[in-house]
Amino acid sequence: MAPSETPRHLQFLIAVDRSPGAEPHLTFGVRLGDALDAQSTLFHAVPPHQIAVNAAVDPADAPLGDDANEARQSLCAIANSLHSDRPVRVEVETDKTSVDAILAAADRLEADLIVLPTHGRTGISRAVLGSTAEQVMRRSTRPVLLLTDHMLANESDPAADQGPVVLATDLSPDAQVAHGPAATFARRLNLPLQLLSIVPAVEPLPYRSGAPVNPPQPDAAALIGHREQQLRKVAEEIGAGVHSDVQVVMDDNAAGAIVNAAKSSNAALLVLATHGRRGIERLLKGSVAEQIVRHATVPVVCMPVAKP
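Numbers given to residues run from 1 along each chain, matching the order in which its sequence is written. Reporting of local features is limited, given that this is a predicted model, to residues whose pLDDT is at least 70; pairs of side-chain atoms are given and counted only at 80 or more, and all residues count toward the totals for whole chains, interfaces and linings. As a convention, hydrogens and water are excluded, and side-chain values are obtained from all of the structure's heavy atoms.

## Here we look at the overall build of the protein chain
- The numbering of helices and of strands both runs from the N terminus, where a helix is a DSSP run of H or I of at least 4 residues and a strand a run of E of at least 2. Along the protein chain, the regular secondary structure elements total 10 helices and 12 strands.
- Expressed as a percentage of the 308 residues in the protein chain, the buried residues total 46%.
- Taking contacts inside the protein chain between residues at least 6 apart in sequence as the whole, the part at least 24 apart equals 79%.
- Note on areas: these come from Shrake-Rupley sampling with a 1.4 Å probe, and a residue is covered only by the protein chains present in the view. For the protein chain, the accessible surface area stands at approximately 16,400 Å², while carbon and sulfur atoms represent 52% of it. Partly exposed residues are those whose accessible area sits between 20% and 50% of the maximum for their type, while under 20% is buried and over 50% is exposed, using a 1.4 Å probe and protein chains only. For this analysis, residues touch if any pair of their heavy atoms sits within 4.5 Å.

## Brief notes about the pattern of salt bridges
- We define a salt bridge as a side-chain nitrogen of Lys or Arg found within 4 Å of a carboxyl oxygen belonging to Asp or Glu. Inspection of the entire model under this criterion finds 5 salt bridges.
- For Asp37, the salt bridge goes to Arg86, with nearest N and O atoms at 2.7 Å. Highlighted residues: Asp37 in the loop between α1 (23–35) and β2 (38–45) and Arg86 in the loop between α2 (68–81) and β3 (89–93), separated in sequence by 49 residues.
- Judged by relative accessible area, which is 19%, Arg86 ranks as buried.
- With a shortest N-O distance of 3.0 Å, Asp107 and Arg142 are connected by a salt bridge. Of this pair, Asp107 sits in helix α3 (residues 98–109) while Arg142 sits in the loop between α5 (132–139) and β5 (144–147), placing them 35 residues apart in sequence.

## Comments concerning the pairing of strand β4 (residues 113–117)
- For β4, the tally of buried residues reaches 5 of 5 residues, placing the bulk of the element in the interior.
- Of the two faces of β4, the one holding Leu113, Val115 and Pro117 and the one holding Ile114 and Leu116 are both buried throughout.
- Two strands qualify as a pair provided that DSSP identifies no fewer than 2 bridges between them. In this sheet, β4 lies alongside strand β1 (residues 10–15) in parallel orientation, the contact comprising 3 bridges. Paired with Ile14 across the strands is Val115, a residue of β4.

## Section: the nonpolar core
- Nonpolar core, defined: a set of buried Ala, Val, Leu, Ile, Met, Phe, Trp, Tyr and Cys residues in which side-chain atoms within 4.5 Å join the residues together. Judged by nonpolar contacts, the single largest core of 51 residues is most densely connected at Leu145 and Leu193.
- In terms of residue count, helix α6 (residues 179–189) provides more of this core than any other element does, 5 residues in total.
- If sequence neighbours within four positions are ignored, Leu193 has contacts with Val165, Leu167, Ala182, Ala183, Ala186, Ile238, Val242, His243, Ser244 and Asp245.
- Among the nonpolar cores identified, the runner-up in size contains 40 residues, and Val136, Leu146, Leu270 and Ile292 belong to it.

## Some points on the sheet that holds strand β7 (residues 193–199)
- Taken in spatial order, the 10 strands of this open sheet run β3-β2-β1-β4-β5-β12-β11-β6-β7-β10, and their pairing is mixed. Among the strands making up the open sheet, the edge pair consists of β3 and β10 (244–250). On average, each strand axis in the sheet is inclined to that of its neighbour by 25°, with strand direction left out of account.
- Relative to strand β12 (residues 300–304), β5 runs antiparallel, the two being bridged by 3 bridges. Bridged to Leu145 within β12 is Val301. A fitted line through C-alpha atoms represents every axis, and for helices the fit uses only the stretch in contact; the resulting angles, taken between N-to-C directions, go from 0 to 180 degrees.

Rendered as structure tokens:
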């Protein structure tokens, strides 16, 4: 019998920028990597020289130092301060801007997870430029863990109980890409798995011959009970060796309901599938995943749905 191959370590690519107070984000990423027996790599892109005069530069694109060598030295100092279970690797990119560099590095390292701090940019600046994290989330074919300061608030509270891994799903084929990974996170972190689903409270009124048709009001308890039954079946299929629970919330605001439910359970991670929406559709409708990321108080793992 041929000897079995040594299992490959998971690979975490942790993006580093110059934002104040970034250390908790890096610490969380490396600690999660240690818990999952992953190899962590700190990554920073020193962008090509800007040729436009007075052009605004995204803080995430600002170099850590005057050149790549200084950036590398800075990253090495950060890596040594993180006290990982294994040496934290360092990479610096000089030929691409942040988004392209992060995606290229993730492909090169075959990253199992891209860890990104994200900044709450709003208004016209966000509508025109987006943020580095949101652009990576929309373009990545690999899972992305997004972190904000308010997501890590409980990290500084030693009295805070560790909550479950929450899987947000509507049970659609696209949403199912997050099912297995969420169970794996729960299993490897030795945490319970909570399957969360949002049921719309109001159905759109159908129209016939130009006049609305009043449909019979749905039985809320029956709808919730049916969805709970579906979730329990999914839990049995994906949750071997994991204690699981289900929660169904009736609410028309799916993003808000998911954020509130994850906060109430003090989730260790919130896992969901996300679509790479672009262009005018995104500007008009936004993305449920992006709304969740902007308001979530727990770390969010976005599992990309395969694009056609």
